[in-house]
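# Observations on chain architecture
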Amino acid sequence: MTEFEQAVIEVLRTLAPGDVVTYGEMATEAGYPGAARAVGRLLATKSSVEDLPWWRVVAASGRLIPHDPVRHARLLKAEGVEVRDNRVVRRQS
DNA sequence: CCCCTGACTAGAA
DNA sequence: TTTCTAGCCAGGG
């Protein structure tokens, strides 16, 4: 487990149901500003083996994950997050 | 050490 | 609005 991994996972675990953050924010919060891309890579690989609320992380544009946006949307809606056309609706940014 | 990949991002076409 | 381009970053080969 690398330092980067646990840092990101730690932040991820602080998210409560209904919360939504971007990859960039995750990276910054974890102490690795600019590593948004690395965060995505991490979730893409570890989310399946680890037990993480990966669905609370979205792209800065609000876009959902590319391989299975349907599942992503379903999980978010289950927590009360508004999703329209594979996009998280952002109010007040 | 070099090179490539990707659940990223901001900005330009 | 959609597609490209050019930076970014940690991992893995």
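In case you missed it, the structure is sitting above this.
Computed from a predicted model, the values in this text were never measured in an experiment.

With that settled, the discussion passes to the protein's contact with DNA strand B. The full set close to DNA strand B counts 14 residues, and Y23, R37, S47, A60 and P66 are the nearest of them. Near the protein, within 4 Å, the atoms of DNA strand B are sugar or phosphate in 37% of cases. Within the side chain of Y23, an N or O atom sits 2.9 Å from a base nitrogen of DNA strand B. Between DNA strand B and the protein, one listed contact pairs a base nitrogen with a side-chain N or O atom of S47 at 3.0 Å. Only α2 (23–30) and α3 (36–49) provide two or more residues apiece to the surface near DNA strand B. Residue contributions to the surface near DNA strand B peak at six residues, all from α3.

For the rest of this paragraph, the subject is the packing of helix α1 (residues 3–14) against α2. In the contact formed by α1 and α2, the axes pass within 8 Å of each other and the chain directions differ by 110°. With respect to α2, the axis of α1 lies roughly perpendicular. Regarding α1 and α2, the two cross each other, and that crossing is right-handed. The residues of α2 that touch α1, namely those facing A7, V8, V11 and L12, are M26, E29 and A30. Among the residues forming the contact of α1 with α2, the class breakdown is six nonpolar, no polar and one charged.

We now examine the pattern of salt bridges. Using the criterion set out here, one finds three salt bridges in the structure. R56 is the salt-bridge partner of E79, the closest N and O atoms lying 2.8 Å from each other. Of this pair, E79 sits in the segment after α4 (69–77) while R56 sits in the loop between α3 and β2 (57–58), and the two are 23 residues apart along the sequence. Between D68 and R71 there is a salt bridge whose closest N-O contact spans 3.8 Å.

In the region of DNA strand C, the neighbouring residues are T2, F4, Y32, G34, A35, R37, A38 and R41. Put simply, 62% of the atoms of DNA strand C that lie within 4 Å of the protein are in sugar or phosphate. A distance of 2.7 Å is found between a base oxygen of DNA strand C and a side-chain nitrogen or oxygen belonging to R37. R41 has a polar side-chain atom sitting 2.6 Å from a sugar or linking oxygen of DNA strand C. With three residues, α3 is the single largest residue contributor to the surface near DNA strand C. A per-class count over the surface near DNA strand C returns four nonpolar, two polar and two charged.

With phi around 55°, D85 is a residue other than glycine that occupies positive phi space. Mapped onto the elements, D85 comes out in the segment after α4. Residue classification places D85 among the exposed residues on the basis of a relative accessible area of 69%. One non-glycine residue, N86, adopts positive backbone phi at about 60°. One can find N86 in the segment after α4.

Calculation notes
Residues numbered from 1 in each chain as written. Chains lettered and ligands numbered in written order. Predicted model: local features only at pLDDT ≥ 70, side-chain atom pairs only at ≥ 80, totals over all residues. Heavy atoms only, no water. Near = heavy atom within 4 Å. Polar contact = N/O pair within 3.5 Å; in protein donor to acceptor, adjacent residues only side chain to side chain. Helix = DSSP H or I, 4+ residues; strand = E, 2+ residues; numbered from the N terminus. Axes fitted to C-alpha atoms, helices over the stretch in contact; angles between N-to-C directions. Parallel < 35°, antiparallel > 145°, perpendicular 65-115°, else oblique. Left-handed = near helix turned anticlockwise from the far one by under 90°. Contact = heavy atoms within 4.5 Å. Nonpolar A, V, L, I, M, F, W, Y, C, P; charged D, E, K, R; others polar. Salt bridge = Lys/Arg side-chain N within 4 Å of Asp/Glu carboxyl O. Buried < 20%, exposed > 50% of the residue type's maximum accessible area, 1.4 Å probe, protein only.

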